[in-house]
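Listed here are the chains, written in short residue letters.
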Amino acid sequence: MRQRPRGDSRGILDPGRLLREVHFRRHLPAESLRPWVEHYWLIDWALSAPFEQRLVPHPAVNVVFRRDGAGPEAGEVAGVGRNLFRITLTGTGRVCGVQFRPGGFHPFWRRSVAELTGRRLPLPAGRLARPDGPVCAGTDGERHRALDALLTAWAPEPDPTAEEAVRLAEAIRTDRTVLRVDHFAARHDLPVRRLQRLFTEYVGVGPKWVIRRYRLQEAVEQAAGGPLNWAGLAADLGYSDQAHLVRDFTAVAGVSPAAYARSVH
């Protein structure tokens, strides 16, 4: 069982600027929730000028609570986002988010997660009740406990198929040699069609999309780290050539790899 949350910046465009502008941190949930939940993420800000953050979304569902200034707290469930996500923060505020593991939201939702893909629904939604009190109030510990209590109250059902989906998606995320659906299916002794149905139902997107997204996030993270051999990286990540990687990167990140690297450095 994991002892600390992920420390990478995958999916965050210009992570250095994010950390300079806002107070961002991650926490692990209660141990009983870790099979389904990747981490909680908390953001607090007090800005003198508007700040726009861009994200290349993970193949994951998020539940997000946000309070701007002294206004009311709002909660929503956000399905897997296919496109670049942009958000502009102003003034003061707080966000408390739950990033589920790919496949891990199904035991809470108990329906096809694909119906949430590309959508953001206010809480309450489906069988997900609104919390009894505010989530974003108080210390980190109080916010952490409020999220633990809410997710526990939603009573996720044990589901071996969800466990399988989580395990397979994690294998794609952590093994950069996974580049093709048919090879991955054969490696896990699964028919391709069953793998596709499993990911659509439990993750919300197909396995090919998950592979591409994780490999592209790796390219974004490496670009933030320093100069790159883009042709070599394209080959390592399974692209037919450098031009193919550049097209995918530009389509998802909104700028070319070279322009992004220049903006970060």
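Each remark here, short or long, concerns the structure printed above.
All chains use their own residue numbering, which begins from 1 and follows the written sequence. Thresholds applied to this predicted model are a pLDDT of at least 70 for local features of residues and 80 or more for the giving and counting of side-chain atom pairs; totals over whole chains, interfaces and linings are not thresholded and use all residues. Side-chain measures were taken over the full set of non-hydrogen atoms in the model, leaving aside hydrogen atoms and water.

Undergrad: If you had to explain the overall build of the protein to someone new, which residues and values would you point to?
TA: Looking only at helices and strands, one finds 10 helices and eight strands in the protein. Both definitions apply: the radius of gyration is a C-alpha atom measure, and the globule rule equals 2.2 Å times residues to the power 0.38. A globule of 265 residues ought to have a C-alpha radius of gyration of about 18 Å, and the protein, at 19 Å, matches this closely. If one aligns the C-alpha atoms of the protein with their principal axes, the spans along those axes are about 50 × 45 × 30 Å. The cut-offs for exposure are 20% and 50% of the maximum accessible area for each residue type, with area from a 1.4 Å probe on protein chains only; residues under the lower value are buried, those over the upper are exposed, and the others partly exposed. Per-residue burial over the protein gives 49% buried out of 265 residues. Taking contacts inside the protein between residues at least 6 apart in sequence as the whole, the part at least 24 apart equals 71%. When the accessible surface of the protein is summed, it comes to about 12300 Å², and 52% of that surface belongs to carbon and sulfur atoms. When the 38 basic and 29 acidic side-chain charges of the protein are each reduced to a single mean position, those positions are 3 Å apart. Going along the chain from the N terminus, every DSSP run of H or I of four or more residues is numbered as a helix, and every run of E of two or more is numbered as a strand. Two residues qualify as a contact provided that any one of their heavy atoms is within 4.5 Å of a heavy atom in the partner residue. Accessible areas in this description were obtained via Shrake-Rupley with a 1.4 Å probe; residue shielding takes into account the shown protein chains only. In this count, Lys and Arg are taken as positive residues and Asp and Glu as negative ones, while His and the chain termini are left out. Charge coordinates come from a single atom per side chain, which is NZ of Lys, CZ of Arg, CG of Asp or CD of Glu.

Undergrad: Which residues make up the pattern of salt bridges, and what are the values?
TA: Each salt bridge in this description consists of a side-chain nitrogen of Lys or Arg and a carboxyl oxygen of Asp or Glu lying within 4 Å of one another. Per the stated rule, a full pass over the model turns up 22 salt bridges. Note that Arg-17 is salt-bridged to Glu-21, the shortest N-O span being 4.0 Å. Taken as a pair, Arg-17 and Glu-21 lie in helix α1 (residues 15-21) at a separation of four residues, close to a single helical turn. When its relative accessible area of 32% is taken as the criterion, Glu-21 is described as partly exposed. In this structure, Glu-170 and Arg-173 form a salt bridge, with 2.8 Å as the shortest nitrogen-oxygen distance. With a gap of three residues between them, Glu-170 and Arg-173 both fall in helix α4 (residues 160-174), about one helical turn apart. A relative accessible area of 24% means that Glu-170 is categorised as partly exposed. The buried category is assigned to Arg-173, whose relative accessible area is 16%. Taken together, the salt bridges that share partners define one network made up of Arg-10, Arg-176, Arg-215, Glu-218, Glu-221 and Asp-236.

Undergrad: Describe unusual backbone geometry, naming the residues involved and giving the relevant values.
TA: Of note, the bond from Leu-123 into Pro-124 is cis; its omega dihedral lies within 30 degrees of zero at 0°. Locating Pro-124 in the fold gives a position in the loop between β8 (120-122) and α3 (140-153). Phi is positive for Asp-14, which is not a glycine, with a value near 55°. Following the sequence through the fold, Asp-14 ends up in the segment before α1. Judged by relative accessible area, which is 17%, Asp-14 ranks as buried. Despite not being glycine, Asp-189 shows a phi value in the positive range, around 55°. With respect to the secondary-structure elements, Asp-189 resides in the loop between α5 (181-187) and α6 (192-202).

Just geometry here; none of it tells us what the structure is for.
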